[in-house]
Amino acid sequence: NGNIITIPVVVHVIHSGQNLGVGPNILDEQVMSQIAVMNNDFRRLAATPGFNSNPVGADTQIQFALAKVDPNGNPTNGIDRVNLCQSAWSQAQIETFVKPETIWDPTQYMNMWSVNFPNGSSILGYAQFPDTNLAGLDPIGGEYYTDGVVARYSTFGSRDYDTNGSFALEAPYDKGRTMTHEVGHFLGLIHIWGDANCGTDYCADTPTAHTANYNCPQNIVSCNNPSVYEMVENYMDYTDDACMNIFTIDQKSRLRTVMDNSPRRLEL
Ligand code: ARG
Ligand code: ZN
């Protein structure tokens, strides 16, 4: 067990000229609700809805704070609103244009993007893996100018913090767990089914799972042991936001390995 690590975050809110609070130009409060969810989930705080008391559940001792200083040394609220004059973005366009255009030094900040994906796209979000030599992450990482996590604006933040019903969130992905999941990848975690039938995530305390689970299924028996159920409540499954509530001790050790043993990027 090490120290508590606080990761400075910049959230790039990518819009196309909407007024504040309209469509992808999400409110500061919606952005802040996302940071609150990540802190609840990664620190295993009792504020986490459905707080999980499973003994393998971990406080990862990693937390997040919106940046207070921008790359030029000026004060910031950590929210970077950018009108890129296009209403929706494909993943390829995000990688080649949106990210390089807007990224803050990824050795100093975790970059998060809230975007609108094209109509018909079913993706909620995605992440770039770290450049850390961890089992299952080889080849690893990516370019420094694409480092970070991306989510659809309608999954960014949590309804639990929406006091006047003004957040643009879509159930069942309306509790901020898309970014909890993506930040898990960003810090080295693999899906609990190991992206293969009964594959491995290199974490012995997440029971081996057949495949991704959706919704919130009960009593799915694991691959190796019929008396053990798949951990559908793990943030690294594909279940509904309200279903998810745990990172394990072994997942924590992967996260901490990434934070403790390597700078995020060497090639800057
Ligand atoms: N990358 C995954 C997807 O786009 C994220 C799944 C997140 N799950 C959730 N309950 N928010 O499907
Ligand atoms: Zn994933």
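Not measured: the values here are computed from a predicted model.

Reading the values: the criteria
- Residues numbered from 1 in each chain as written.
- Chains lettered and ligands numbered in written order.
- Predicted model: local features only at pLDDT ≥ 70, side-chain atom pairs only at ≥ 80, totals over all residues.
- Axes fitted to C-alpha atoms, helices over the stretch in contact; angles between N-to-C directions.
- Helix = DSSP H or I, 4+ residues; strand = E, 2+ residues; numbered from the N terminus.
- Parallel < 35°, antiparallel > 145°, perpendicular 65-115°, else oblique.
- Left-handed = near helix turned anticlockwise from the far one by under 90°.
- Contact = placed C-beta atoms within 7 Å.
- Near = placed C-beta within 6 Å.
- Nonpolar A, V, L, I, M, F, W, Y, C, P; charged D, E, K, R; others polar.
- Buried ≥ 20, exposed ≤ 12 C-beta atoms within 10 Å, placed from the backbone.
- Core = buried A, V, L, I, M, F, W, Y, C linked by C-beta atoms within 7 Å.
- Arc of directions from axis to C-beta.

Chemist: Would you explain the packing of helix H1 (residues 28-42) against helix H3 (residues 177-186) in this entry?
Modeler: Angle between the axes and distance between the axes: these two values describe a pair of packed helices. Two elements in contact, H1 and H3, have axes separated by 9 Å at closest approach and are oriented at 60 degrees. By the angle between their directions, the pair H1 and H3 is classed as oblique. Note that H1 runs across H3; the crossing there is right-handed. Only Met 179, Thr 180 and Val 183 of H3 make contact with H1, whose side of the interface consists of Gln 34, Val 37, Met 38 and Asp 41.

Chemist: Can you walk me through the site of ligand 1 in this structure?
Modeler: Taken together, the neighbourhood of ligand 1 is formed by Ile 123, Leu 124, Gly 125, Tyr 126, Tyr 173, Arg 177, Thr 178, His 181, Tyr 238, Thr 239, Asp 240 and Asp 241. By residue class, the composition of the shell around ligand 1 is five nonpolar, four polar and three charged.

Chemist: Help me understand H3, please; the structure alone is not making it clear to me.
Modeler: Structural remark: α-helix, 3.6 residues per turn; residues separated by three or four positions point the same way. Most of H3 sits inside the fold, with nine of its 10 residues counted as buried. Taken residue by residue, H3 has Arg 177, Thr 178, Met 179, Thr 180, His 181, Glu 182, Val 183, Gly 184 and Phe 186 as its buried positions. Check the buried side of H3 and you find it contacts H1, strand E4 (110-115), strand E5 (125-127) and strand E6 (149-152). Looking one or two residues beyond H3, the residue adopting positive phi is Gly 188, at roughly 100 degrees.

Chemist: Would you explain the environment of Val 9 in this entry?
Modeler: Residue placement: Val 9 occurs in strand E1 (residues 5-15). Linking Val 9 and Tyr 109, residues 100 residues apart in sequence, is a C-alpha distance of 5.3 Å. If we skip the residues at most four places from it in the chain, Val 9 touches Ile 35, Phe 64, Ala 65, Leu 66, Ala 67, Gly 78, Tyr 109, Met 110 and Met 112.

Chemist: Please explain the nonpolar core as it appears in this structure.
Modeler: Membership of the largest hydrophobic core comes to 58 residues, with the highest contact counts inside it found for Val 9, Met 112, Val 115 and Val 149. Elements that contribute at least two residues to this core include exactly E1, H1, strand E2 (62-66), helix H2 (91-102), E4, E6, H3 and helix H4 (249-261).

Chemist: Help me understand H2, please; the structure alone is not making it clear to me.
Modeler: Among all positions in H2, only Ile 94, Val 98 and Lys 99 are buried. Each buried residue of H2 sits inside an arc of 90 degrees when the element is viewed along its axis, so together they form one side. Among the structural elements, E1, E4 and E6 are those in contact with the buried residues of H2.

Chemist: Explain unusual backbone geometry here, please?
Modeler: Backbone geometry follows two general trends: most residues other than glycine have a negative phi, and most peptide bonds adopt the trans configuration. The omega torsion across Ala 171 and Pro 172 is 5 degrees, close enough to zero to call that bond cis. As for its position among the elements, Pro 172 is in the loop between E6 and H3. Of note, the phi angle at Tyr 202 is positive, near 60 degrees, even though the residue is not glycine. Position of Tyr 202 relative to the elements: it lies in the loop between H3 and H4. Located in the positive-phi region is Asn 215, a residue other than glycine, with phi close to 60 degrees. Along the chain, Asn 215 turns up in the loop between H3 and H4.

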